[in-house]
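What the coordinates show
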Amino acid sequence: MPKKFQSVSGMHDIFGLQYEYFEKIREVVKENAKIYGFEGIETPVLENIDVFVRSVGELTDIVEKEMYTFKTKGGDSVALRPEGTASVMRSYIEHGMYTRPQPVKFFYFKPFFRYERPQAGRYRQFWQFGFETIGKGGPLVDAQIITIVYNIFKELGIKGAFVQINSMGDDKCRDEFKAELRKYFRKNTSSLCADCKRRMKKNPLRVLDCKKCIKIKEGAPQIVDYICKNCRDEFKMVLEFLEEVGVPYDLNPFLIRGLDYYTGTVFEFFASQKEEDTPLAVGGGGRYDGLSALLGDEERPATGVAVGVERTALLMKGNGFSFKEEKPPVFIAQLGDLGKKKCIKLFEDLKKAKIPVAEAFGQDSLKSQLSRASKLKSPITIIIGKEEAAENRAIIRDMDSGEQDKIKLEEVLKEVKKRLKKLK
Ligand code: AMP
């Protein structure tokens, strides 16, 4: 027997109920994007590696350990996109979108790639949806992006979602904070992991984001004590706006989003599968006014958010999201070669008349086909067996009463329409 294959480690197939959750999430994201004025964007799966090295940051886990990178036959170093924001900004700059009315607002829903250790809920190919506002910004834009995601969770039946929020200040106040942080870590070098010992010198903020160095963070200086008046006022406004629209938030002074490009407001969303469960991080984002400059343009105000789709689907499941039952109004059952021929044509005729039809054409036994019809709860079943096919007729069966009539094949469409009208 030839070898059976499995999907590549950490990568998964999406089908069945998970597919349904994905489609529902996509639908709600698209509806909200339209309402809030975001247009769609698709960027290539591959980018020049430097797009991520420069924006996400050299000393991040993503760039140091998790990117899928390779050299093309032409010798270019490329990476499978590990996140969405850098590519969107690359596109904004490349196409000179700063000449359009600002801000430019984009949303996306697509897969990303990170070579992480596979574990429950962590994949090497995973999906995110995201919103990005580029070119103009401020506390109102920050608060509205948070509100959009909060609304999406609500529409997906996810209860108790909340946001943790912090401000990382601007370049100036952050430099002062970094200096203090470095001093603190120097005093506690022995408690740092090997990666952080190295990272501390170049970018001590990275330590605050390390999953291993948890204990040492407790006594560390907090950025709130270092941000300037302007950053503090802006942050306060974001919080006031969130209060105004009723989005619950927790201040988390240690929240430092793991990527280099964030400035000002940063936030992370949490929600639980069940009320008693520990909340799960499901997405995050923030202001990234400095990103355009990292990618060779001038500084442009920007805010964005990215949310994990697999986790959102898990949260929907845990919160008991239920799909509206959609029963196709008509089921077609066939028997014998001539019956099959008539049925495939009838299916097309009903489809042209925009009447949703179900079938089990792969099944030959009438019993199995009828049992499928009753499972689908279609109110009308049309049966064309050998005898009916020879007579150019069809049986039309009312699935509730069990009553059936034999009618001419050319009258089926009219009869179905009449019965469906009555059912409404
Ligand atoms: P990040 O881009 O790292 O801020 O992640 C934002 C969200 O994307 C997380 O809260 C997760 O929901 C999701 N996410 C990130 N990495 C993965 C992964 N490897 N597998 C599944 N979901 C992920």
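In short, a report on the structure. The model shown is predicted, which means the values in this text are computed figures rather than measured ones.

Helices and strands together make up the secondary structure of the protein, namely 15 helices and 16 strands. The C-alpha atoms of the protein give a radius of gyration of 28 Å, which is well past the 22 Å a tight globule of 424 residues would have. When its C-alpha atoms are laid out on the principal axes, the protein stretches across 90 × 60 × 50 Å. Classification of the 424 residues of the protein by burial places 50% in the buried group.

Glancing now at the pairing of strand 5 (residues 104–113). Side-chain direction in a regular strand flips from residue to residue, so the side chains alternate between the two faces of the sheet. Counting buried residues along strand 5, 9 of its 10 residues qualify, which places the element largely inside the surrounding structure. When strand 1 (residues 39–40) meets strand 5, the two strands line up parallel, connected through 2 bridges. Paired with Glu39 across the bridge in strand 5 is Phe106. For strand 5 and strand 6 (residues 125–134), the ladder comprises 10 bridges, and the chain directions are antiparallel. Bridged to Lys105 within strand 6 is Thr133.

So, about the site of the ligand. Around the ligand there are 14 residues in total, and Arg114, Glu116, Tyr123, Gln128 and Arg257 lie nearest to it. Glu116 has a polar side-chain atom sitting 2.7 Å from a nitrogen atom of the ligand. Between the ligand and Val282, the relevant distance is 2.9 Å, taken from an oxygen atom to a main-chain nitrogen or oxygen of the residue. Compared with its free state, where it exposes 480 Å², the ligand has 89% of that area covered by protein. Judged by the fraction of its atoms near the pocket grid, the ligand is located in the largest pocket.

The next point concerns the sheet that holds strand 12 (residues 330–334). The strand order across the open sheet formed by 5 strands is 13-12-14-15-16, and the pairing between neighbours is mixed. Among the strands making up the open sheet, the edge pair consists of strand 13 (357–359) and strand 16 (404–408). Across the sheet, the axes of successive neighbouring strands diverge by a mean angle of 30°, strand direction being ignored. In this sheet, strand 13 lies alongside strand 12 in parallel orientation, the contact comprising 3 bridges. Residue pairing in the sheet places Val330 in a bridge with Val357 of strand 13. Sitting on the sheet, helix 12 (residues 336–352) touches strand 12, strand 13 and strand 14 (380–384), and the angle it makes with strand 12 is about 160°. Seen against the sheet, helix 15 (residues 412–423) touches strand 12, strand 14, strand 15 (393–398) and strand 16 and runs at an angle of roughly 10° to strand 15.

Moving on to the pattern of salt bridges. Counting across every chain of the model gives 30 salt bridges. The residue Lys377 makes a salt bridge to Glu325 at a minimum N-O spacing of 3.1 Å. With Lys377 in the loop between helix 13 (366–376) and strand 14 and Glu325 in the loop between helix 11 (309–318) and strand 12, the pair connects residues that are 52 residues apart, well separated along the chain. One salt bridge in this structure joins Lys406 and Glu387, with 3.1 Å as the shortest N-O distance.

Aromatic ring pairs: the centre-centre distance and the angle between the two ring planes describe each pair. One pass over the structure, following the stated rule, counts 20 aromatic pairs. Between Phe177 and Tyr226, the ring centres sit 5.5 Å apart and the planes meet at 45°, which makes this aromatic pair tilted. Taken together, the residues Phe177 in helix 6 (residues 171–187) and Tyr226 in the loop between helix 8 (205–208) and helix 9 (229–245) connect sequence positions 49 residues apart. Geometrically, the ring pair formed by Phe321 and Phe323 is edge-to-face, given 5.1 Å between the ring centres and 75° between the ring planes.

With that settled, consider the pairing of strand 12. Within strand 12, 5 of the 5 residues are buried, which leaves the element mostly enclosed by the surrounding structure. Neither face of strand 12 is left uncovered, since the one carrying Val330, Ile332 and Gln334 and the one carrying Phe331 and Ala333 both have all their residues buried. As a crossover connection, the stretch from strand 12 through helix 12 into strand 13 is right-handed. Relative to strand 14, strand 12 is paired through 5 bridges, and the arrangement is parallel. By the bridge assignment, Ala333 is partnered in strand 14 with Ile383.

Size it by volume and the largest pocket reaches roughly 1200 Å³. Every residue lining the largest pocket is counted, 45 residues in all, and those nearest its centre are Arg114, Arg122, Lys211, Arg257 and Glu268. Elements that contribute at least two residues to the lining of the largest pocket include exactly helix 3 (61–66), strand 6, helix 8, strand 9 (263–271), strand 10 (280–287), strand 11 (302–308) and helix 11. Considering every element that reaches the lining of the largest pocket, the biggest residue donor is strand 10, with 4 residues.

Now for the nonpolar core. Met89, Phe185, Leu192, Leu208, Cys213 and Tyr288 are the most contacted members of the largest nonpolar core, which totals 53 residues. In contact with Leu192, not counting residues within four places along its chain, are Phe185, Lys197, Met200, Val207, Cys213 and Ile216. With 42 residues, the next largest nonpolar core counts Tyr36, Phe109, Phe153 and Leu239 among its residues.

Thresholds applied
Residues numbered from 1 in each chain as written. Predicted model: local features only at pLDDT ≥ 70, side-chain atom pairs only at ≥ 80, totals over all residues. Heavy atoms only, no water. Helix = DSSP H or I, 4+ residues; strand = E, 2+ residues; numbered from the N terminus. Rg over C-alpha atoms; globule rule 2.2 N^0.38 Å. Buried < 20%, exposed > 50% of the residue type's maximum accessible area, 1.4 Å probe, protein only. Pairing = 2+ DSSP bridges. Near = heavy atom within 4 Å. Polar contact = N/O pair within 3.5 Å; in protein donor to acceptor, adjacent residues only side chain to side chain. Areas by Shrake-Rupley, 256 points an atom, 1.4 Å probe, with all protein chains shown as cover. 1 Å grid on protein atoms, 1.4 Å probe; cavity = no way out; pocket = protein on both sides within 12 Å on 5 of 7 lines; lining within 4 Å. Sits in = over half its atoms within 2 Å of the grid points. Axes fitted to C-alpha atoms, helices over the stretch in contact; angles between N-to-C directions. Contact = heavy atoms within 4.5 Å. Salt bridge = Lys/Arg side-chain N within 4 Å of Asp/Glu carboxyl O. Phe/Tyr/Trp six-rings, centres within 6.5 Å; stacked < 30°, edge-to-face > 60°. Right-handed = clockwise from strand over helix to strand, strands pointing away. Points joined across faces, edges and corners; volume = space filled by probe spheres on them. Core = buried A, V, L, I, M, F, W, Y, C linked by side-chain atoms within 4.5 Å.

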